[in-house]
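Descriptive analysis of the structure
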Amino acid sequence: MPLDFRLGFGGSFGEKTKVVRLDAAANELTANRLPDLDLVGDVAAGLAAIRAVAAGDPARTRAWREQLSEIEREKREAERAELEDPRSPLHPVRVYNELGQVLDRDAIVVGDGGDFVSYAGRYIETHEPGCWMDPGPFGCLGAGPGQAIGAKLARPDRQVCLLLGDGAFGFAGIEFDTMARHGIPVVGVIGNNGIWALEHHPMKFLYGYSVAAELRPETRYDEMVEALGCDGILVSEPEQLRPALERAFESGRPTLVNVLTDPEVVYPRKSNLA
């Protein structure tokens, strides 16, 4: 990934850390942190060469790797409360706890949203190439339904799960009509908290108020896709979620699981364009 806002423009790494950048084309960004070494060339060949040069005694980094593993274990354990959160409307992390138990290892997951998809990036495990697509660093919302349709047509034997924020759904939700007309069994899961959370919460934090970031609470997007010829399922309680997801994937029909999520949950972001 580039040294953009997600990595503090390079500031996320320690001052003594040596940064090596490898890309297929020369990078023209000079305002970000400059690498100690800039490599331009085929990425696969470049990584293979770096690996060959860096090969050595595994014991050299064993203590460091063990330290990282312990830190990750502690952080995963700290997430347990949110993964099992019993609240209603649901905590968005609870959605991914249940979804992770239903997805196959080679399932293709497409994200189209802000905070709801940011949580997905933290909790959805991917095991094979091409199993994760998202709006990219610029948050280009509305591409998800088209991506999911293409993924299902390309890999009809795999589960394809489309994750949607309720704001993102407004851009291209009508594509569920396309799925119905062509019999494309994509399963959509919408985190419906009635706000543009990616904008609402930062505005509340910075200014104490929010402007034009409220949507209609508990909108029945499940009924909308039913009118288009798809299946829709409303989930308002945690115990309803797992059966709804299982039913959606087993149906063989395009389905939207409309999950009411808690608008008071604030995504723990650290990066800020400002």
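Small disclaimer: the values here were computed from a predicted structure and weren't measured.

So, about the overall build of the chain. The number of helices and strands found in the chain is 11 helices and 8 strands. Dimensions along the principal axes, computed over C-alpha positions, put the chain at roughly 60 × 50 × 35 Å. Across the 274 residues that make up the chain, the buried fraction comes to 39%. When contacts within the chain are restricted to residue pairs at least 6 apart in sequence, those whose partners lie at least 24 apart make up 65%. Within the structure as shown, the chain displays about 15700 Å² of accessible surface, and the carbon and sulfur contribution to it stands at 54%. The average position of the 29 basic charges and that of the 42 acidic charges among the side chains of the chain differ by 5 Å.

Below, the discussion takes up the sheet that holds strand S5 (residues 160-165). Here 6 strands make up an open sheet; going across it, the order is S4-S3-S5-S6-S8-S7 and the pairing parallel. At either end of the open sheet lies a strand with only one pairing partner, and these are strand S4 (132-133) and strand S7 (231-235). Taken together, the 2 bridges between strand S3 (residues 108-112) and S4 define a ladder with parallel strand orientation. If you follow Val110 over to S4, its bridge partner there is Met133. The sheet strands contacting helix H11 (residues 238-251) are S5, strand S6 (187-192), S7 and strand S8 (255-260), and the helix crosses S7 at an angle near 170°.

Before going further, it helps to spend a moment on the side chain of His91. If you trace the backbone, His91 turns up in the loop between helix H3 (80-83) and helix H4 (92-100). Each residue touching His91, except ones within four places of it in the same chain, is listed here: Glu82, Asp85, Tyr119 and Val265.

A word on a nonpolar patch on the surface. Where nonpolar side chains cluster on the molecular surface, the patch consists of Val20, Leu37, Val43, Leu47 and Ile50 and spans about 400 Å² of accessible area. If one sorts the elements of the nonpolar patch by residue count, helix H1 (residues 43-54) sits on top with 3 residues. Topologically, Leu47 is positioned in helix H1.

Counting residues in hydrophobic clusters, the biggest one holds 30 residues, and the most contacted among them are Tyr96, Leu99, Leu103, Leu163, Val189, Val257 and Val259. For this core, the secondary structure elements donating two or more residues are H4, helix H5 (115-123), S5, S6, S7, H11 and S8. The biggest single contributor to this core is H11, with 5 residues. Phe169, Met179, Ile190 and Leu256 belong to the second largest nonpolar core, which has 18 residues in total.

Attention now moves to the packing of H4 against H5. H5 packs onto H4 with a crossing angle of 45° between their chain directions and a minimal axis gap of 10 Å. In terms of axis orientation, H4 runs oblique to H5. Here H4 and H5 pass one another in a crossing that is right-handed. For the pair H4 and H5, contact is made by Pro92, Val93, Val95 and Tyr96 and by Phe116, Val117, Tyr119, Ala120 and Tyr123, respectively.

To continue, consider unusual backbone geometry. Going from Ser88 to Pro89, the amide bond is cis rather than trans, its omega being -5°. Along the chain, Pro89 turns up in the loop between H3 and H4. If you check the backbone angles, Phe9 has positive phi at about 55° while not being a glycine. By the element assignment, Phe9 lies in the segment before strand S1 (20-23). Judged by relative accessible area, Phe9 falls into the partly exposed class, the value being 34%. Here the phi dihedral of Glu218 falls at roughly 55°; this positive angle occurs in a residue that is not glycine. Along the polypeptide, Glu218 turns up in the loop between helix H9 (197-207) and helix H10 (221-227). Looking at Glu218, the relative accessible area reads 51%, which means it is exposed.

Rules and cut-offs
- Here the residue index of a chain counts from 1 through its sequence in written order.
- The model is predicted, so local features are restricted to residues of pLDDT at least 70 and side-chain atom pairs to those at 80 or more, both for listing and for counting; the totals for chains, interfaces and linings are taken over all residues.
- Side-chain metrics in this entry use all non-hydrogen atoms of the structure; hydrogen atoms and water are not considered.
- In DSSP terms, a helix is any run of H or I states spanning at least four residues, a strand is any run of E spanning at least two, and both are numbered starting from the N terminus.
- To sort residues, take the accessible area from a 1.4 Å probe on protein chains only and compare it with the maximum for the residue type: under 20% means buried, over 50% means exposed, and anything in between is partly exposed.
- The contact criterion used throughout is that any non-hydrogen atoms of two residues lie within 4.5 Å.
- A 1.4 Å probe and the Shrake-Rupley method give the accessible areas. Residues count as covered only by the protein chains that appear here.
- By the counting rule applied here, Lys and Arg register as positive and Asp and Glu as negative, while His and the ends of each chain are not counted.
- The atoms used to mark charge sites are NZ of Lys, CZ of Arg, CG of Asp and CD of Glu.
- Note: two strands are recorded as paired if DSSP finds a minimum of 2 bridges between them.
- Note on geometry: axes are C-alpha line fits, over the in-contact stretch for helices, and angles between N-to-C directions span 0 to 180 degrees.
- For patch building, the residue pool is restricted to those with more than 30% relative accessible area and no salt bridge; the joining distance is 9 Å between like charges and 5 Å between nonpolar side chains (Val, Leu, Ile, Met, Phe, Trp, Tyr).
- Any carboxyl oxygen of Asp or Glu within 4 Å of a side-chain nitrogen of Lys or Arg constitutes a salt bridge here.
- By nonpolar core we mean a set of buried residues, namely Ala, Val, Leu, Ile, Met, Phe, Trp, Tyr and Cys, connected to one another through side-chain atoms within 4.5 Å.
- In what follows, roughly perpendicular refers to angles from 65 to 115 degrees, roughly parallel to angles under 35, roughly antiparallel to angles over 145, and oblique to any angle outside these ranges.
- Crossing chirality is assigned from the near helix's rotation relative to the far helix, an anticlockwise turn below a right angle marking it left-handed and a clockwise turn marking it right-handed.

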